[in-house]
Amino acid sequence: MKSRIFHSGLMFSPENQIYLERPRLNELLERALEKPIVTISAGSGYGKTRAVYSFLQKHDIVTTWIQLSERDNVGTRFWENFLYAVALYDGTLAKRLREIGFPETEDQFAKYLSIPEEEIAPKERRVTVFDDFHLIEDESVLRFIKRSVQLPMPKATTILISRTEPDIDTISLLSKGLVANLNEDDLRFTEEETSRYFQLLGIPLPSQSISNIYSDTAGWVFALHLIGLSLKKAPSREREARAAMKLNIFKMIESEVYLAISERLQRFLIRLSLIDRLSTDLISILAGDETLVDEMKKLSSFVRYDIYLHAYVIHHLFLDYLRQKQDILTEEEKRDTYLKAARWCDENDYKMDAISYYDKAGEYEAIIKIVRYFPQQLPFDQAKFVFDIYSKAPPEVLDRIAPYHFQRSRLLMSMGRFSEAVADIRRNIEKYSALPSSDFNNRVLSGEYLALGFTSYETLLQTDRCDFDTLWEKADHYYRLSPYDKLSDFSTVTSISLDACVSKVGTPRSGAMEEYVEALTRGIPYVMNVLNGCMFGVDDLARGELLFYKADLKAAEKFLRLALSKGEARGQYEVRNRALFYLLRLEVAQGNFAGVQEILKKLEAQLKMNEYEARFITYDLVMGWYYVFLGQPQRVADWLKGKFAQDSFAIFKANFGNLIKAKFDYFNKRYHELLSYLEGQPEHPRRMLFAQVANKVLESVCHYQLKNKDAALAALKEAYDLAESNALTMLFIELGKDMRTLTATAIREEKCGIPLSWLEMINRKSATYAKRLTLVTSEYKKANNLGDDAPLSPREMDVLFDLSHGLSRPEIAANHGLSINTVKMVLNAIYTKLNADNVADVIRIAIDRQLIK
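**Regarding the overall build of the protein**
The secondary structure content of the protein amounts to 46 helices and seven strands. Looking at the 853 residues of the protein, the share that counts as buried comes to 57%. Residue pairs in contact within the protein that sit at least 24 positions apart in sequence constitute 71% of those at least 6 positions apart. In the form shown here, the protein has an accessible surface area of approximately 35,400 Å², with 51% of it arising from carbon and sulfur atoms.

**With respect to the pattern of salt bridges**
For the structure on display, the rule yields 42 salt bridges. If you follow the salt bridges from partner to partner, you end up with Asp72, Arg77, Arg277 and Asp353 in one network.

**What about the side chain of threonine 337?**
Positionally, threonine 337 belongs in helix α20 (residues 331-347). The exposure class of threonine 337 is buried, given its relative accessible area of 0%.

**Brief notes about helix α37 (residues 671-678)**
Considered for burial, the residues of α37 that qualify are Tyr671, Leu674, Leu675, Tyr677 and Leu678. Considered in projection along α37, the buried side chains sweep an arc of 160° and stay on one side of the axis. Turned more than 90 degrees off the buried face of α37, the exposed positions are His672 and Ser676.

**Topic: the sheet that holds strand β2 (residues 62-67)**
Read across the open sheet, the five strands follow the order β2-β3-β4-β1-β5; overall the sheet is parallel. The sheet is open, and its two borders are formed by β2 and β5 (179-182), each paired with just one other strand. Strand-to-strand, the axes of this sheet are offset by a mean angle of 15°, without reference to chain direction. Bridging between strand β1 (residues 37-41) and β5 involves four bridges; their strand directions are parallel. Bridge assignment links threonine 39 to a residue of β5, and that residue is asparagine 181.

**Digging into the packing of helix α27 (residues 439-458) against helix α30 (residues 512-530)**
Relative to each other, α27 and α30 sit at 150°, their axes nearing to 12 Å. With respect to each other, α27 and α30 are oriented roughly antiparallel. When you trace α27 past α30, the crossing you get is left-handed. Seen from α27, the contacting residues are Ser446, Leu450, Phe454 and Tyr457; seen from α30, they are Tyr516, Leu520, Val527 and Val530. For the contact of α27 with α30, a count of residues per class yields seven nonpolar, one polar and no charged.

**Digging into empty space enclosed by the protein**
Counted by the stated rule, this structure contains two cavities of 30 Å³ or more. Looking at the largest cavity, its volume works out to about 370 Å³. Forming the boundary of the largest cavity are 22 residues, of which Tyr112, Thr128, Ser148, Met153 and Thr158 lie nearest the centre. At the level of secondary structure, the elements contributing two or more residues to the lining of the largest cavity comprise β2, α4 (75-87), α5 (91-100), β3 (126-131), α8 (139-149) and β4 (156-162). For the lining of the largest cavity, the per-class residue count stands at 16 nonpolar, five polar and one charged.

**Things to note about the nonpolar core**
Counting 124 residues, the largest nonpolar core has Tyr516, Met535, Tyr626 and Phe732 as the members making the most contacts within it. The next biggest cluster of nonpolar side chains, apart from the first, holds 95 residues, and it includes Met296, Trp344, Phe374 and Leu412.

**Concerning α27**
Relative to the 28 Å expected for 20 residues at 1.5 Å per residue, α27 spans 29 Å between its end C-alpha atoms, a close match to the ideal helical length. Burial analysis of α27 places 17 of its 20 residues in the buried class, the great majority of the element.

**Here's the deal with unusual backbone geometry**
Even without a glycine there, the phi angle at aspartate 464 is positive, about 55°. Tracing the sequence through the fold places aspartate 464 in the loop between α28 (460-463) and α29 (468-481). Under the relative-accessibility criterion, aspartate 464 is labelled partly exposed at 33%. Even without being a glycine, methionine 535 presents a positive backbone phi close to 80°. Among the secondary structure elements, methionine 535 is positioned in the loop between α30 and α31 (538-549).

**A closer look at the packing of aromatic side chains**
What the rule picks out here adds up to 41 aromatic pairs. On the basis of an interplanar angle of 10° and a centroid distance of 6.4 Å, the ring pair of phenylalanine 318 and tyrosine 321 is categorised as stacked. A residue pair is termed a helical-turn pair when its members lie 3 or 4 positions apart in one helix, as phenylalanine 318 and tyrosine 321 do in helix α19 (residues 316-323) at three residues. Here phenylalanine 318 matches tyrosine 321 in class, with each residue buried. Taken together, the aromatic side chains of Phe548, Tyr549, Phe581, Tyr582, Trp625, Phe629, Tyr666, Phe667, Tyr671 and Phe690 make up a single cluster linked through ring pairs. Lying across the ring of phenylalanine 616, arginine 96 places its NZ or CZ 4.0 Å from the centre. Above the ring of phenylalanine 536, the side-chain terminus of arginine 570 is found at 5.9 Å from the ring centroid.

**Describing the pairing of β1**
Where burial is concerned, most of β1 is hidden: five out of the five residues are buried. Because side chains alternate across β1, one face comprises the buried residues Ile37, Thr39 and Ser41, and the other comprises Val38 and Ile40, equally buried. Of the strand pairs in this sheet, β1 and β4 are connected by five bridges, and their pairing is parallel. Residue valine 38 lies in a different strand from β4, and its bridge partner there is isoleucine 159.

What counts as what
Residues numbered from 1 in each chain as written. Predicted model: local features only at pLDDT ≥ 70, side-chain atom pairs only at ≥ 80, totals over all residues. Heavy atoms only, no water. Helix = DSSP H or I, 4+ residues; strand = E, 2+ residues; numbered from the N terminus. Buried < 20%, exposed > 50% of the residue type's maximum accessible area, 1.4 Å probe, protein only. Contact = heavy atoms within 4.5 Å. Areas by Shrake-Rupley, 256 points an atom, 1.4 Å probe, with all protein chains shown as cover. Salt bridge = Lys/Arg side-chain N within 4 Å of Asp/Glu carboxyl O. Arc of directions from axis to C-beta. Pairing = 2+ DSSP bridges. Axes fitted to C-alpha atoms, helices over the stretch in contact; angles between N-to-C directions. Parallel < 35°, antiparallel > 145°, perpendicular 65-115°, else oblique. Left-handed = near helix turned anticlockwise from the far one by under 90°. Nonpolar A, V, L, I, M, F, W, Y, C, P; charged D, E, K, R; others polar. 1 Å grid on protein atoms, 1.4 Å probe; cavity = no way out; pocket = protein on both sides within 12 Å on 5 of 7 lines; lining within 4 Å. Points joined across faces, edges and corners; volume = space filled by probe spheres on them. Core = buried A, V, L, I, M, F, W, Y, C linked by side-chain atoms within 4.5 Å. Expected span 1.5 Å × (residues − 1). Phe/Tyr/Trp six-rings, centres within 6.5 Å; stacked < 30°, edge-to-face > 60°. Lys NZ or Arg CZ within 6 Å of the ring centre and 35° of its normal.

Here is the structure:
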């Protein structure tokens, strides 16, 4: 549903009518909307929101209206609010954005940018309004809004309504002609508009009275409105009305508005001031009587229905006045309001608001039920938000809720506070183990041993201790003593998130990898029993991964296909995705293009699995590897071509993304940039062994490409030392001809320190890999009509001509009436057909083929 407002839907109150009759302001707004960004900044009571609202209604412009509040200073809560507004006009896009999550990091913002322009850019004129922008102080939220408003979208305008000048690099934007500003002087009523306003109120005033009122108010809209209310009661008392306005705005609200309504409505409005989101449904629930809502509607100057938001909005000054009276309410009235608001937010997927209101109502068990649906690894701000609520709650209340302890440990781990989590867990295990056996105590112990197992599992890099299986066994033991409802006591998360590598082993110690896999094999049945199938297939996946890196492809395929089958059977989407990732690499290594196509079909089918929220991101990651190895880097998702993200426990996809970015940089000959990243990475035991080996292998070939032979051989020796004890060879072999060349040089060097037999084996196998990769690449080009001499289309020739004359993408787009995204797609096609890596390559190859002169 589009949030389009038709002029016929206006409530023709004098306030609305006067805005429709303000030609100077309307002309300013019309000119402002020609810019991509409009800022409207003025103090309270200047009619900022009403001016924009009335103008957009009058001109029937498709609008997304985002009403900000102080609660939006939590990134995940802001994202819920933002997605709700997006979903009103494009539910599919909202789902894509929900999967990406709040773009807090550079990597996540790059993913946001990677959504194709035709999906995100409006096809007709559209305005996005961020109202009450001044309330936002959180740096991550501010950064997202600042950056998103500057994205080039020809038919889109963003309006920022604020009590202060928005901090969006206004000077720079003004110099580029990208922003229009309206301020208090633009919003003030003129003396003529003041006269017209009182005419619409049915209050004829002589010119001198209008002049006096205008002089006293300086065109301040809210003051004019209050004087109008007073004069409606006593038209001849203009002087007294002006004096009252000057004396105290709140006293005037009290006398002219608050005391004029029923006591029942007074208490109802004060209750509404307790909450932020005044949906029509929630209003009806809180009122319990539509006659009360009808009475409230008569206060349209102070409480208006906003069709953009599908909610009621209380004027700021009136809201401030009502909040001063909240002490009038009984504690039961407050709790009832918070509880009803929380239930409505919970049912309508405003989880962060629901948690906040449940907190105010003291309903902590309801919060725990919400948190159980959250992902395994929570964003830091979301974890901290919930953790802070738990920390302030009465301990005696939370201690009576069995899953609380498990959740607290999970929140601490999401914030990276592992040692604190372990200490908490061990204290609880000691406490509840000493108590008599009961269903409650057994359930707490089951959850705590489960959490302790996951803590051990996630900190294996630091500890080199595979005891998580014994801890999960104890969790299963206590679960069997007192079975609980798996879908209400602990977590409904049934699919674990996986890192770039399944293995958590960081040490090169011989046998460490096998110990890890064996511990998984023993422990996963216990986790599956307690958590309803979670981790099914992870042990087979880990074994298949290890065999793949040992270059035992036949044995690896058996376990990878078993993991794929298990992942599909129990909804373990990450297991399925990683199994397909390794199977794709395996088929390429065998030169089997038919097998590659089978895997690609399964990957595409994954995009239709709506329950798998990370499906688009993981698809980009796997296909990124594939396109890089095929020599088609231009087809890699844009967000994987940017800067490296900081590796993080809480953001596994960032680690996986860095793996693909490293390959992308190498194949695009960005050797210096890649070395800067690789040499800045922490050493063992802070990184997984596979990642350590992969980094050193890339470091060695980067140095070799830069003619730094000694550095290349030294890095190769380090990679060998890390890999040899566990016979990890595939990471060397996958570099094909470049590794063949490097090992040939190493063979000629008598003192490189690497056994000759190993070098000869890697040289031989990497040469074979290179041949098979060439075969797959050739078949891919045939299947996609991408031969070396594939013809360029007329549009591609036009773009090539402009490119050769130095035109930028925006200039090419303007020259041919295309969108920038379309130009980007055409350029990608040109790069692919000419097998070029950059603009210089395109021009050189095009001249060689006599496509241009």
